[in-house]
Amino acid sequence: MLWEDRDVRFDITPQQMKMRAGEHVIDKLDAIEDTKGNSGDRGRLLISNLRLIWHSQTTPRVSLSVGFNCIINITTKTVNSKLRGLTEALYILTKANNTRFEFIFTNLVPGTPRLFTSVMGVYKAYNSSKMYRELKLRAAIIQNKQLKILPQEQIFSKVNGVWNLSSDQGNLGTFFITNARLVWFANMNELFNISLPYLQIASVKVRESKFGMALVVESCEASGGYVLGFRIDPIEKLHQVHKEISALYTVYSQCPVFGIEYVVQDKPPTEEGQIDQLEVDEAEIDENTTDTADVLAAYLADGRHQDREPVYSTELGLAIEKLKEGYTLQTLWEVIPS
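Please read these numbers as outputs of a predicted model, since none were measured by experiment. (Residues numbered from 1 in each chain as written. Predicted model: local features only at pLDDT ≥ 70, side-chain atom pairs only at ≥ 80, totals over all residues. Heavy atoms only, no water.)

Think of a sheet as strands paired side by side through backbone hydrogen bonds, with each pair either parallel or antiparallel. In spatial order, the strands read β9-β15-β14-β13-β12-β18-β17-β16; together these eight strands make up an open sheet with antiparallel pairing. In the strand order of this sheet, the two ends are held by β9 (136-137) and β16 (201-209), each with one partner. With four bridges connecting them, strand β17 (residues 212-219) and strand β18 (residues 227-232) associate as antiparallel partners. Residue pairing for β18: V216 is matched across the bridge by G229. With respect to the sheet, helix α3 (residues 235-254) is in contact with β12 (155-164), β13 (171-178), β14 (181-186), β16, β17 and β18, its orientation differing from that of β16 by roughly 165°. (Pairing = 2+ DSSP bridges. Helix = DSSP H or I, 4+ residues; strand = E, 2+ residues; numbered from the N terminus. Contact = heavy atoms within 4.5 Å. Axes fitted to C-alpha atoms, helices over the stretch in contact; angles between N-to-C directions.)

Below, the structure written as structure tokens:
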């Protein structure tokens, strides 16, 4: 399961810090303060094609992973940093598991906009390449019976005479099989189409249907759990298409194409080729981290939550808003600075 771009995680393990297949570091900044949750702590920020990773340089187990798909807004904000004083910082508002978190990162190296340009640039590239990663229905992907090819995409096969079995009578159309996705469109209406990235495919099978033997493609639950049936005649051609899609799906699984392209413009020449690996000693990371509720509370976006029902607190002797799962009054008191 791809979680790196779809989740916000705190105090992540060394394994979770490592780049997954298809993920790579685009930029690395070695003097970044996590002003919101670890003010005064110098850390390293890595910007990959899927997420932001920050970790403390003095205590590597103190870390964050912020997926680009969770980001609601990125802007700048004037903050009071323990290490730089009053300065301009990067403000990121996110939402994960129905909870909003905010992050503030301050570049401790004065006079460089690289923190802002790299994060915003990669985030923009991520948002503009969703066709590689998300199932799309009735999209403007076909023009004059030809597929509009994505920048890192290569067409391997075009298959005519493919019946979409979503309706009782079926719809005759065409397959495009590429290195990143499976595309079908109706010959009579180009806007009646589906673009299904291999990333969102759960299974590809040949099985019996009321129309005879059919190619059945199931999408992941995250993309709606669709069950798509296609009939291709003759049966030998059906098995050939199934074999080709299965082979490309296997290759993609080993080396996914996420489609995010960005080149850092103002990176010093000495850093070229030196940001491939995450430089964290696993032995330094103690996986017995601090209480999760304490960490979460430090990043909650103030004033941006939904009101919860009031309940009576026997500890306080009065009515309070119902606490979120995993929180106690004691852990909330502990995050209040003394």
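Before going further, it helps to examine the packing of aromatic side chains. Counted by the stated rule, this structure contains 12 aromatic pairs. On the basis of an interplanar angle of 15° and a centroid distance of 6.1 Å, the ring pair of F176 and F185 is categorised as stacked. Here F176 falls in the buried class, since its relative accessible area comes to 1%. For F185, a relative accessible area of 1% gives the class buried. In textbook terms, an aromatic cluster arises when at least three aromatic residues are bridged by ring pairs, as seen for F10, F101, F103, F105 and Y299. Against the face of W3 rests R9, its NZ or CZ located 3.8 Å from the ring centre. For R133, the ring lying beneath its charged end belongs to Y126, and the centroid distance is 4.0 Å. (Phe/Tyr/Trp six-rings, centres within 6.5 Å; stacked < 30°, edge-to-face > 60°. Buried < 20%, exposed > 50% of the residue type's maximum accessible area, 1.4 Å probe, protein only. Lys NZ or Arg CZ within 6 Å of the ring centre and 35° of its normal.)

Everything listed is a geometric property; what it means functionally is a separate question.
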